[in-house]
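# Residue-level structural notes
Spelled out, the chains give:
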Amino acid sequence: MTEEKMIEISNLYHSYGDFEAVKGISFDVRKGEIFSFLGPNGAGKSTAINVLITLLKLQKGEVKIAGYDLTKEPSKVRESIGIVFQEITLDRDMTVEETLQFHGRLYSMPGGLRKQRTDELLELVELKDKRKALIKELSGGMKRRLEIARGLMTRPKVLFLDEPTIGLDPQTRMKMWEYLRAVNKQGTTIFLTTHYMDEADTLSDRIGIIDHGKIIAMGTPESLKNGLGEDVIYITTSDNEKAILSIKGFPGIKESKKKDREIFVIAKEDGTKLLPHLIHRLEEENIDVLSVNLKKPSMDDVFMHYTGRELRDEDASPQPFSPRRK
Ligand SMILES: Nc1ncnc2c1ncn2[C@@H]1O[C@H](COP(=O)(O)OP(=O)(O)OP(=O)(O)O)[C@@H](O)[C@H]1O
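Bear in mind that the values here come from a model prediction, so they are computed numbers and not experimental data.

## Thoughts on the overall build of the chain
Per the secondary structure count, the chain includes 12 helices and 14 strands. Across its three principal axes, the chain shows a C-alpha extent of roughly 80 × 45 × 40 Å. Within the chain, the fraction of its 326 residues that count as buried is 51%. Intrachain contacts of the chain at a sequence separation of at least 6 include 71% that bridge at least 24 residues. Total accessible area on the chain stands at roughly 15600 Å², and carbon and sulfur atoms take up 48% of it. Charged side chains in the chain number 51 positive and 52 negative. The centres of these two groups are separated by 5 Å.

## Here's the deal with the sheet that holds strand β4 (residues 60-65)
Taking strand neighbours across the sheet as the criterion, the 4 strands line up as β2-β1-β4-β5 in an open arrangement whose pairing is antiparallel. Two strands close off the open sheet at either side, each with one partner strand: β2 (19-30) and β5 (68-69). Bridge count for strand β1 (residues 5-16) against β2 is 9 bridges, and the pairing is antiparallel. Opposite leucine 12, over in β2, you have isoleucine 25 as the bridge partner. Together, β1, β2 and β4 form the strand contacts of helix α1 (residues 45-52), whose direction differs from that of β1 by roughly 120°.

## Description of the confidence of the model for the chain
When the pLDDT values of the chain are averaged, the result is 89; 94% of them are 70 or greater. Here residues 313-326 is modelled with pLDDT under 50, and outside its nearest four sequence neighbours on either side it reaches 28 contacts, counting other chains as well. Scored as a complex, the prediction yields pTM 0.85 and ipTM 0.96.

## Focus: the side chain of glutamine 101
If you trace the backbone, glutamine 101 turns up in helix α3 (residues 96-106). Glutamine 101 sits in the buried class, given a relative accessible area of 14%. Setting aside chain neighbours within four positions, we find glutamine 101 in contact with Arg114, Lys115 and Thr118.

## Side note on the sheet that holds strand β11 (residues 231-237)
Pairing in this open sheet of 4 strands is antiparallel, and the strands run β12-β13-β11-β14 from one edge to the other. Bordering the open sheet on either side are β12 (253-259) and β14 (289-295), each of which pairs with just one other strand. Each strand axis lies, on average, 20° off the axis of its neighbour in the sheet, ignoring direction. Where β12 lies against strand β13 (residues 262-267), 6 bridges are found, and the strand directions are antiparallel. If you follow lysine 258 over to β13, its bridge partner there is isoleucine 263. Across the face of the sheet, helix α10 (residues 271-284) comes into contact with β11, β12, β13 and β14 while running at roughly 25° to β11. Sheet strands in contact with helix α11 (residues 299-307) are β11, β12, β13 and β14, and its direction is about 85° off that of β12.

## Quick word on α11
If you check which residues of α11 are buried, you get Met299, Asp301, Val302, Phe303, Met304 and Thr307. Where α11 terminates, the next one or two residues include glycine 308, which has phi positive at roughly 80°.

What counts, and at which threshold
- Residues numbered from 1 in each chain as written.
- Predicted model: local features only at pLDDT ≥ 70, side-chain atom pairs only at ≥ 80, totals over all residues.
- Heavy atoms only, no water.
- Helix = DSSP H or I, 4+ residues; strand = E, 2+ residues; numbered from the N terminus.
- Buried < 20%, exposed > 50% of the residue type's maximum accessible area, 1.4 Å probe, protein only.
- Contact = heavy atoms within 4.5 Å.
- Areas by Shrake-Rupley, 256 points an atom, 1.4 Å probe, with all protein chains shown as cover.
- Lys, Arg positive; Asp, Glu negative; His and termini not counted.
- Charge placed at Lys NZ, Arg CZ, Asp CG, Glu CD.
- Pairing = 2+ DSSP bridges.
- Axes fitted to C-alpha atoms, helices over the stretch in contact; angles between N-to-C directions.
- pLDDT = per-residue confidence, 0-100.

Below is the structure:
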């Protein structure tokens, strides 16, 4: 990875009528990075990515992609990027090979180069033996892989993916991560949106967490998790309301919150040492401790800390096949 910037975003705003969906975000993505934009449904991820790929007009702010100004040189930007959308946009009646060839022709790639890239990419996404298969005969995961291959036909500097693994089963998702890592190793900078914590955590060099149109945290997965504290402790008691009050200001606690039916505690130091004292305090207050779970901070805890809520399934479930292009 170098210090060279592939994406530069400064004070980006975007509104739909009176509604401000993106509220002044600023950050850079370096060449060679895998950067994830993590946030719940409706956080503003798709809006932001659609501005970056020139599908939505830049209303306010400055953006450069691969060194090109989005407003002044949109065609240079388009030449520098590959795009994989949330929904499958393949022609069901074309073969795998035809799909890539057609895309190459669309971008005026010479025949020899088209063939060479098609071969390379089918190898990369392990679809060589499906070369002659019709799209309608492919599984969901294969289609996604083909879309990635198509996004890479023009050898873009930056590959944008909007929820690349939405709707895929866990095994296929992990396979997709492998392909994306392989693509990245070949030198492509990757910018993806996701609402999956594990995806952001395992795949990314850096994560930006977005909520209600604003970046609320940014860093490497490790720095975000380590920055939270030493350990997190979830405690269920006979009276959580009372418990949260009685441990307020307790030494060694960085933060404590009531969360659904439990208490969420971030320990500044070793949680195993803090825990007996905490339990003792609760018992002094005649509060029964019903269960305890102590662990290292996860991305879920990071999200919980910054937003005060969980990225629950009800917020994050894949939405029914809705058009993404706004
Ligand atoms: N065309 C539109 N007109 C009006 N409001 C819109 C439009 N598109 C999106 N919004 C609103 O803007 C906000 C951000 O939406 P956006 O799709 O960018 O979020 P997201 O983080 O990508 O969510 P998802 O995970 O569902 O893709 C939401 O409140 C959404 O309802």
